[in-house]
Structure formats: structure tokens, C-alpha cells
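Read off the chains here:
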Amino acid sequence: MIAATQNALSATGITKRFGGLVALADVDLTVGNGEFVALIGPNGAGKSTLLNVLTGLSAPTAGRIALDGRDVTRLPTHRRIRAGLGRTFQHGRLFPRLSVVENIMTGAANRAGRGEAGLRAHALAQLRRMGLERLADQPISALSYGNRRMVELTRVLACEPRVLLLDEPAAGLNLGEVEDLMARLRAIRAEDRIAVVLIEHNMGMVMRLAERVVVLNFGRKIAEGTPAEVQADPAVLAAYLGEGAAHAGR
Ligand SMILES: Nc1ncnc2c1ncn2[C@@H]1O[C@H](COP(=O)(O)OP(=O)(O)OP(=O)(O)O)[C@@H](O)[C@H]1O
């Protein structure tokens, strides 16, 4: 099983039930080292549930999760973070009264062996890389929504993850901010070779960034391939048209 150890992340046979509801049914997701995978699907398809299972916020009913070939299925979230997993949330989780740099430091504090001065220097370097250094001493409460989201991303990056899970990072951003986010993500990948799993409803962003796209619908994987392959897949079209029809009927 050499192939399995070559993947940065490998989830196999993931099933998640909530009572009678099957939110995920036997889903496989593998992400190679430095690979950029988008996870898409209509509302309620199971995307966030899968991220919750991958990060350990929610235990799978069945299935196995490995990071760099190491089984982490039973590890709590903080141990998975230490093992190289990073995640942003749909709704941010920054400390509003702390400054930007302090928030980044709380993120990086998981990394052992740095004193406070070292943590601050590391946090400032991360902010510089994201073009946010000028905001370092501002309280989070003074930031625009777009800047808060970029600070959230910076905080996760400060943990130096090998696998980065992004839950709708472009939601609520304006066009200029989405372009900036895409440029930063490209630069980070080029520098760090981080593997990325992106959940995003902004299809333009998915098509421009992802090397591979995995499509969920009603908890099942219905398609997987390059952006062009997935876009041309009749099953994917039907899933999204179904969603459109459901919305139109409301
Ligand atoms: N804690 C929970 N308890 C019960 N049902 C849940 C829970 N979390 C999610 N679900 C259900 O699981 C299914 C998948 O939800 P999930 O949020 O993962 O979908 P999603 O693809 O992320 O959707 P969206 O694009 O709207 O964020 C939905 O039917 C949802 O109602």
C-alpha cells in the first residue's frame, strides 16, 4: 500500500449518520502532497460534515482517516492540528478584543518551542506574507469583514499545516478581495506545497484554483475529476439543476 502513504490526507469509507439522516455515505477523499482539491455540491450535500469529521469535531459513524499515512481517526482535534491539519471555518472564530498579531500568536501557540518573542516574530512574518502587516496592532473589532477573513486564514497558516481545509473562504468577500485571496492561496501553495481542500460555492474560484474537484450530493460522491471533466458531467449538472428547481419552487 505505498500509494496510501503518499497521500497527505486519505479518508476512506466515511459514513456519518445523524439519527435517521445519512449525512455522508461511504465517502472516499484522498489529497496528494501539495495537491489542491475542491469539494463542491449543493446545499446540504455533506461538505461541512466531511470537514468536521476530518478535523475531529465530529466522529464518523464508520470510516478511517489518515494524515501522511498515519491513522488519526481516533485522535482529538488538537492532536490532528499538531499532526499537520489546519482548518478555517464558515463563521470566523477570532478573539474580537485581541489585536491581529495576538490572534495570530494564539494560533501558532500550538507549535511548541517558541517563546513569546519568537511567536510574535513568527506571527508578524505570516502577516507580512499575507500583505496584512499594517493591521498587526489593530483590534479585530476594528477590521472590515474581508480583512477578518484574511486574518483567520493567516492564523491557520501560522500553525504551518501540511493539509489546509478551507470552508467557504470567499463567502461575503467582494470581487477584489476574492482576487486577492486567490493570489495569496496560489503564492502559499507555491512556497509551502501545502495540500488544500477547498469548499466553495464560488465556481469561478473553484475552476481557477482546483486541480481536482470532488462532488457530493445527498452525502454521496457523485463525480470526481478535473474542473473541466466535472463541469461537463451530466450527474453534476442534474444535481445543481435539482437544487435550482428546488429553490425556484420555494
Ligand atoms: N449536527 C447535525 N445534526 C443533524 N443533522 C445535521 C447536523 N449537521 C449537519 N446535518 C445535516 O447533514 C446534512 C449535510 O449538511 P452539511 O452542513 O454537511 O452540508 P453542506 O454540503 O456543508 O451544505 P452547505 O453548502 O449548505 O453548507 C444536511 O441534511 C444537514 O441538515
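Residues numbered from 1 in each chain as written. Predicted model: local features only at pLDDT ≥ 70, side-chain atom pairs only at ≥ 80, totals over all residues. Heavy atoms only, no water.

An unreviewed UniProt entry lists the protein under the name Sulfate/thiosulfate import ATP-binding protein CysA, with Methylobacterium frigidaeris given as the organism.

**Some thoughts on the side chain of Ser10**
Rules: Elements are defined by DSSP. Helices are runs of H or I of four residues or more, strands are runs of E of two residues or more, and each kind is numbered from the N terminus. The contact criterion used is simple: two residues touch if any of their non-hydrogen atoms lie within 4.5 Å.
For Ser10, the position within the fold is in strand E1 (residues 7–18). Apart from the residues within four sequence positions on either side, Ser10 is in contact with Leu29, Thr30, Arg64, Ile65 and Ala66.

**Describing helix H2 (residues 47–55)**
Note the following rule: Accessible area is worked out with a 1.4 Å probe on protein chains only. A residue is then buried under 20% of its type maximum, exposed over 50%, and partly exposed in between.
Most of H2 sits inside the fold, with seven of its nine residues counted as buried. All of the buried residues in H2 are Lys47, Thr49, Leu50, Leu51, Val53, Leu54 and Thr55. Looking one or two residues past H2, Gly56 carries a phi angle of roughly 90°, positive in sign.

**Looking at the pairing of strand E10 (residues 220–225)**
Basically, it comes down to this: Two strands make a pair as long as DSSP finds a minimum of two bridges between them.
Of the pairings in the sheet, the one linking strand E9 (residues 212–217) to E10 comprises five bridges and is antiparallel in character. Paired with Leu216 across the two strands is Lys221, which belongs to E10. Between E9 and E10, which pair antiparallel in sequence order, lie two residues; one of them, Phe218, sits at a positive phi of approximately 45°.

**Things to note about the domain arrangement of the protein**
We count it as follows: For the domain bounds, the source is a domain assignment made automatically or taken from a database. Buried area: the accessible area, evaluated with a 1.4 Å probe, that two parts lose upon being put together, summed over both parts. Any carboxyl oxygen of Asp or Glu that lies within 4 Å of a side-chain nitrogen of Lys or Arg is treated as forming a salt bridge with it.
As assigned here, the protein comprises domain 1 (2–84 + 162–248) and domain 2 (92–160). Here domain 1 and domain 2 have C-alpha centroids that lie 25 Å from each other. Carbon and sulfur atoms make up 60% of the area that domain 1 and domain 2 hide from each other, which totals about 1300 Å². The tally of links from domain 1 across to domain 2 stands at two salt bridges. For the salt bridge of Arg129 with Glu191, the shortest nitrogen-to-oxygen distance reads 2.8 Å.

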